[in-house]
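As a plain string of letters, each chain reads:
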Amino acid sequence: DFYMESVSSTYSINYVHGAGKMILRRWKSGMAEYQSLLFTKRDGGIKRLDDLRGKTMVFEDPGSTSGYLLPKFLLQRNGFKLAEKKDFDANATPGQISYVFAYRPEKLLDMVYTKQAAAGAISDDAHARLSNDQKSDITVLAQTERLPRHLVSVRADWSPQTVARLTDILVAMHDDPEGQKILKKTDRTTKFDRLPGGEEGLRKRLLDSFYSADRK
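Residues numbered from 1 in each chain as written. Predicted model: local features only at pLDDT ≥ 70, side-chain atom pairs only at ≥ 80, totals over all residues. Heavy atoms only, no water.

(A) Focus on the overall build of the chain. Along the backbone of the chain there are eight helices and 12 strands. Taking the principal axes of the C-alpha coordinates as reference, the chain spans close to 60 × 40 × 25 Å. The buried share of the chain, reckoned over its 216 residues, is 47%. Excluding contacts between residues fewer than 6 apart, the proportion of contacts in the chain whose partners are at least 24 apart in sequence is 76%. Across the chain, the mean location of the 35 positive side-chain charges is 2 Å away from that of the 29 negative side-chain charges. (Helix = DSSP H or I, 4+ residues; strand = E, 2+ residues; numbered from the N terminus. Buried < 20%, exposed > 50% of the residue type's maximum accessible area, 1.4 Å probe, protein only. Contact = heavy atoms within 4.5 Å. Lys, Arg positive; Asp, Glu negative; His and termini not counted. Charge placed at Lys NZ, Arg CZ, Asp CG, Glu CD.)

(B) Just helix 7 (residues 177-185), in detail. You can read the cap of helix 7 off the contacts: a side-chain oxygen lies 3.0 Å from the backbone nitrogen of E178, and it is on D176. At the C-terminal side of helix 7, D187 shows a positive phi close to 50 degrees. (Polar contact = N/O pair within 3.5 Å; in protein donor to acceptor, adjacent residues only side chain to side chain.)

(C) Focus on the packing of aromatic side chains. One pass over the structure, following the stated rule, counts six aromatic pairs. Look at F101 and Y103: their rings are 5.8 Å apart centre to centre, the planes differ by 55 degrees, and that puts the pair in the tilted class. Classification of F101 by relative accessible area gives buried; the value is 11%. Residue class for Y103 comes out exposed when judged on its relative accessible area of 54%. Members of the aromatic cluster, joined through ring pairs, are F59, Y68, Y99, F101 and Y103. Positioned above the aromatic ring of Y34 is the side chain of R149, whose terminal nitrogen or guanidinium carbon lies 4.6 Å from the ring centre. (Phe/Tyr/Trp six-rings, centres within 6.5 Å; stacked < 30°, edge-to-face > 60°. Lys NZ or Arg CZ within 6 Å of the ring centre and 35° of its normal.)

(D) View of the pattern of salt bridges. Applying the stated criterion across every chain yields a total of 21 salt bridges. We note a salt bridge from K28 to D187, for which the minimum N-O separation is 3.3 Å. With K28 in strand 2 (residues 20-28) and D187 in the loop between helix 7 and strand 12 (189-194), the pair connects residues that are 159 residues apart, well separated along the chain. On the accessibility criterion, K28 (14% relative accessible area) is buried. Where R129 meets D125, a salt bridge forms, and the shortest distance between an N and an O atom there is 3.6 Å. For R129, a relative accessible area of 62% corresponds to the exposed category. On the basis of relative accessible area, D125 is assigned to the buried category, the value being 14%. Among the charged side chains, a salt-bridge network with shared partners connects R25, E33, D193 and R205. (Salt bridge = Lys/Arg side-chain N within 4 Å of Asp/Glu carboxyl O.)

(E) Representation of the environment of Y113 in the model. Tracing the backbone shows Y113 in helix 3 (residues 105-113). Overall, Y113 belongs to the buried group, its relative accessible area being 18%. Look past the residues within four positions of Y113 in its chain and what remains in contact with it is K41, L130, Q134, K135, D137 and I138.

(F) Looking closely at helix 6 (residues 160-172). Taking 1.5 Å per residue as the helical rise, helix 6 with its 13 residues ought to reach 18 Å, and the 18 Å between its terminal C-alpha atoms agrees with that figure. All buried positions along helix 6 are accounted for by V163, L166, T167 and L170. Looking straight down helix 6, one finds that the buried residues subtend no more than 105 degrees of arc, so they occupy a single side. The exposed residues of helix 6 that point more than 90 degrees off its buried face are Q161 and R165. Against the buried residues of helix 6 lie strand 1 (2-5), strand 2, strand 11 (150-155) and strand 12. (Expected span 1.5 Å × (residues − 1). Arc of directions from axis to C-beta.)

(G) Molecular detail of the nonpolar core. If you look at the biggest cluster of nonpolar residues, it comprises 32 residues, and the most contacted ones within it are L49, L52, M57, F59, L75, L206 and F210. Among the elements of the structure, helix 1 (7-16), strand 5 (56-59), helix 2 (65-77), strand 7 (97-101), strand 9 (138-143) and helix 8 (198-214) are those that each provide at least two residues to this core. Here the element with the most residues in this core is helix 2; it accounts for six residues. Beyond its immediate sequence surroundings of up to four residues, F210 is in contact with V7, S8, Y11, L69, L70, F73 and L147. (Core = buried A, V, L, I, M, F, W, Y, C linked by side-chain atoms within 4.5 Å.)

Spelled out as structure tokens, the structure:
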């Protein structure tokens, strides 16, 4: 009847398959929105995105919004061709960016720090958790647009009255002591609030981020 998911999964379920519609933004661990950062080792010889042509970069995993989908679509919108490799390939095809998956954030960082990969992608909140020494050892090459950290959606055919009632309950939870306890247990939810720009406005932002990139 309703579900909470990242923007990429929400986009697919709601606007590719037409199964639902967004109603609220979920603040996760105090964060309303986030973005992805493409980064490289400071002394790795990569100064700008164009330097990644013919190189191999590392993403987190195929289902990660900030660790794969957003940075991949950013590169595609800027004219880069990408090719997935099962293993690290030091001899990437000239003119395109090869990429592999680390599947663990720690491994992704290690591959960039040790120059096993020319660049990687992490969320801005993951970057904020790095030590000062780690931050000083990397250079941010580009950043994606900011999008909601998580979203709440409902079944497309749910009655407007039920949706309105659910919306009112979720939006008020953080002002209620018992509601605060439930939110904390729900994967560190801080609160729910209404969609910035409304459902149509956010829908357009997601379509611009994902649909247009799919067509590149």
